[in-house]
Amino acid sequence: MDNQLIKQPILEIRNLKTWFPIKRGIMARTEGYVKAVDGISMHLYKGETLGLVGESGCGKTTLGRTLLRLEEPQKGKILFLGKNLLDLKRKKLKKMRKKIQMIFQDPLTSLNPRMNVLDIVTEGLVEYKIIKNNKEDHAKRLMKEVGLDENSIYRYPHEFSGGQRQRISIARSISLKPDLLVCDEPVSALDVSVQAQIINLLLDLRDSYNLSYIFISHDISIVSNIANRIAVMYLGKIVEQGPAFDIINNPMHPYTKALINAVPTPGIYKKKKIVLKGETPSPSSPPPGCNFHTRCPEVMDICGKIEPQELKTEMRQVWCHLYKG
Amino acid sequence: MSKKLLEIDKLTVSFETDEGVFKAVDDVSFHIKNNEIVGLIGESGCGKSVTALSILRLIPSPAGRIEKGRIIFSSKDLLKLDIREMKKIRGNAVSIIFQEPAAALSPLHKIGQQMIEGLMLHKNISKKTAWNIAESWLKKVSIPDAGERMFSYPYQLSGGMQQRVIIAMALMLTPDLVIADEPTTALDVTTQAQVFELIKELRQSHTSILLITHDIGVIWEMCDRAVVMYASRIVEEGNINDIFSKPAHPYTKGLLKSVPKLSTDAERLMPIHGYVPSPFNYPSGCYFRDRCPQAFDRCKKEKPQLVDLGNGHKTACFLV
């Protein structure tokens, strides 16, 4: 399907920085920054899924939220359908948000417990004055689309199981026919036997709505099942990105290697583990040079001194001193 | 063949709630041999944690009640012991590692204080000796600056470090059995790999481990045998190779097929149809029949019992 993609990215991020100030004292002086997203550039084509992988605290959720301007970035550009989202004022931003929707990790906290499903899934349609009456018909259509019983539209979120609730939040997110869906750990809170159902649903919707996804997850094996391209994040920066097949089968960056190696996979005979030493450093004081050098099994002298530059091939980028152009 | 260290026999545990009484664990029997790692796998609500808590008699009472069954540990029935004898077992002969390390540590006490408590209680040693033992264990679980960390509060440590403290506490008293209830679920994958290395080292001290998890990959990498639970009952049991190469129960098969694997072959995942039923609403007969692709008439009428397929591989299904 990669050939059918139109070669104009619908989303392009340039050198994006979302830093959170650390304030101390009665004067609330800014003493430093938590560099949650620290200079990220990437792009996404129509109909494509970009998997964003990393461990807790690496900034992947902040990046997702910044794309919807739920967080305000310090610097950078987010070009969506050719317009910089960061230049938009309130009214225009609201218009734009119609086209970018988000699915959160825990459907119980992202669905209003006091609203019934009918109101939840049609809220966007009403807000944007797309429909006036016949809410029921639209709700029923959306419910059918995500594989839920059409007759349960008068029920409330607590009456559904976790997997069903995630289907409701998916129905809500597709109601406005968006171009881009940011999925933040959409299956992490679900039981294993239900995760696959939701992944398949997302794949089906991608095809029928021609959606593009940013799929955020800590689990590289889930990402490998849905993404066309994968970007691996560590401590606010992308360390490697490229086509999913290449990243999984031929990882270049030592962190990607460790991440893939750490996944317990049935069937592959108990492989030799790469066990990383130590802990992820704090994003408020990242180490000098390469962010990963404190834990890297292949660390060299240069890594603690100089930040690695991007090494770019046709489809792939990696930031590591091991590779020279 | 080595001796059975723990044998659970027809354990049934029920809970009383506002909505009525339900069985969280129903007629569960399995055993753990010396120096063996047994995996207990199942989805949330299948009763795997309740089974674990029952071994240490930590079921919240009066809501929960062990209705029947025996738990034989080193030829003693734990369910018949009085509370004083039970306290000697807990932490000393059987210890437990919980899922959420932050919830298992007291936020108000220093790491060192918490660690020596169990040592002093069970080993009858001086505070100073206990402190030294605790510190040496912190080193063993590779916590940097162990001496200083003894004076830290839990919030000053990261999740991975907290879990290592918990593991050190569980191992300090060299128990015969360690129950690990989702020990890495709250941790990152690279930290998970670190914790598993530690748990594997335990083997060298001839400790048996009951590893509870929902992750089938973890079972594959860590365990000798696995017990699969679904909706309060055991559906399959066997050694790892049998479970993975010739799963007998449709639920186990479904689980193996539905788990996202690390691969980019555009093969579609095969989810198990439907959702786990509520414990108040289990179907008649086999609890899995609503979701089972191969269900037939008999599954509605009778509850299948575990059948031995040879080599200790057992399943509760009418298809075999």
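To keep things clear, this report deals only with the structure shown in the data block. (Residues numbered from 1 in each chain as written. Chains lettered and ligands numbered in written order. Predicted model: local features only at pLDDT ≥ 70, side-chain atom pairs only at ≥ 80, totals over all residues. Heavy atoms only, no water.)

1. Overview of the packing of helix H4 (residues 117-127) of chain A against helix H6 (residues 162-174) of chain A
Residue and element names in this part refer to chain A. It is the contact of H4 with H6, at a shortest axis distance of 7 Å, that shows an interaxial angle of 30°. By the angle between their axes, H4 is roughly parallel relative to H6. Along its contact with H4, which presents Val-117, Ile-120 and Val-121, the element H6 presents Ile-168, Ala-171 and Arg-172. Counted by class, the contact of H4 with H6 contains five nonpolar, no polar and one charged residues. (Axes fitted to C-alpha atoms, helices over the stretch in contact; angles between N-to-C directions. Helix = DSSP H or I, 4+ residues; strand = E, 2+ residues; numbered from the N terminus. Parallel < 35°, antiparallel > 145°, perpendicular 65-115°, else oblique. Contact = heavy atoms within 4.5 Å. Nonpolar A, V, L, I, M, F, W, Y, C, P; charged D, E, K, R; others polar.)

2. A word on unusual backbone geometry
A negative phi angle is the norm for most residues apart from glycine, just as the trans form is the norm for most peptide bonds. The peptide bond linking Ser61(B) to Pro62(B) adopts the cis configuration, its omega dihedral lying at 10°. Structurally, the position occupied by Pro62(B) is in the loop between helix H1 (48-55) and strand E4 (64-73). Within the chain, Asn210(A) stands out as a residue other than glycine whose phi angle is a positive 55°. By secondary structure assignment, the location of Asn210(A) is in the loop between helix H7 (192-209) and strand E8 (212-217). A positive phi angle, near 60°, is found at Asn35(B), a position not held by glycine. Of note, Asn35(B) is situated in the loop between strand E2 (20-33) and strand E3 (37-41).

3. Here's the deal with the nonpolar core
Grouped together as the largest cluster of nonpolar side chains are 65 residues, with contacts concentrated most on Ile168(A), Ile170(A), Ile174(A), Leu202(A), Leu205(A), Ile230(A) and Tyr255(A). Considering each element in turn, this core owes the most residues, nine residues, to H7(A). Not counting residues within four places of it along the chain, the set of residues in contact with Leu205(A) comprises Glu145(A), Ile170(A), Ile174(A), Asn210(A), Leu211(A) and Tyr213(A). Counting residues in each nonpolar core, the second largest holds 64 residues, with Ile143(B), Val195(B), Phe196(B) and Ile199(B) among its members. (Core = buried A, V, L, I, M, F, W, Y, C linked by side-chain atoms within 4.5 Å. Buried < 20%, exposed > 50% of the residue type's maximum accessible area, 1.4 Å probe, protein only.)

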